[in-house]
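Architecture at a glance
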Amino acid sequence: TQSGTFKCWNVNCITCCKRSSKKMADKIEKVMNHPELLGKEAFFITFTKSKNYSVEKSLALTKAGLKSVRDWIRMQSYRYGIQVAYHYVIEDTISQPELSHDNKWFCRVHNHGHFLLIFKSAISKIERDKFIEKMAGVWRRSIKKNGGYTSKENSVDVKPIDINPETIDSISGYMSKLI
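Since the structure is predicted, the reported quantities are computational estimates derived from the model, not experimental observations.

Calculation criteria
- Residues numbered from 1 in each chain as written.
- Predicted model: local features only at pLDDT ≥ 70, side-chain atom pairs only at ≥ 80, totals over all residues.
- Heavy atoms only, no water.
- Helix = DSSP H or I, 4+ residues; strand = E, 2+ residues; numbered from the N terminus.
- Buried < 20%, exposed > 50% of the residue type's maximum accessible area, 1.4 Å probe, protein only.
- Contact = heavy atoms within 4.5 Å.
- Areas by Shrake-Rupley, 256 points an atom, 1.4 Å probe, with all protein chains shown as cover.
- Expected span 1.5 Å × (residues − 1).

Broken down by element type, the chain carries 4 helices and 7 strands. Going from N to C terminus, the chain has its helices and strands arranged as β-α-β-α-β-β-β-β-α-β-α. Looking at the 179 residues of the chain, the share that counts as buried comes to 42%. Within the chain, counting contacts between residues at least 6 apart in sequence, those at least 24 apart form 73% of the total. Counting only carbon and sulfur atoms, one obtains 53% of the accessible surface of the chain, whose full area is about 10700 Å².

The next thing to look at is helix H2 (residues 55-80). Residues spaced three or four apart along an α-helix face the same direction, because each turn holds 3.6 residues. End to end, H2 covers 37 Å across 26 residues, agreeing with the expected 38 Å (1.5 Å per residue, within 8%). Phi for Gly 81, located one or two positions after H2, is positive at around 75 degrees.

Glancing now at helix H3 (residues 125-145). For H3, which comprises 21 residues, the first-to-last C-alpha distance of 30 Å matches the rise-based estimate of 30 Å (1.5 Å per residue) to within 8%. Taken together, the buried positions of H3 are occupied by Arg 128, Phe 131, Ile 132, Met 135, Ala 136, Gly 137, Val 138, Trp 139, Arg 140, Ser 142 and Ile 143. Contacts made by the buried residues of H3 are with strand E2 (42-47), H2, strand E3 (84-94), strand E6 (109-119) and strand E7 (156-161). One or two residues past the end of H3 sits Gly 147, with phi positive at roughly 95 degrees.

Here's what the structure looks like:
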């Protein structure tokens, strides 16, 4: 038995179908190679939450959190003119099967969102850091509001990325599960 990224091999599943994954990778590459975005500040952000025993509840929490983040980003554009390009995917990981105290097997499910964020607007480092910090707060509040749990220290991982051919291949491959 294995743990890690779950693959169902369904032809309609973006993670499991190579053709769909390739299309997604191409779309991400197209976004990252867009002339308007070259040289802009970019970040790879992972939004996480606590593990759950229910696939449905875990997925619903992740979707609700990412929807809140997307809505918040739209409001920042409307209110303050901060323009960003983004693309996100939801990834599922499933733990090794465990035996419960009543001799039933179960697995913990962990959905999380991978989020590529590129700032189109020129803003200061302070404004950018504040934007990302507030975005993280939106994620945590949404998860809590919908019955989940996140920790302030570990729920959002932000990595700056340099948009170049190597990182474009790496990010698009990782987000589309081609690698």
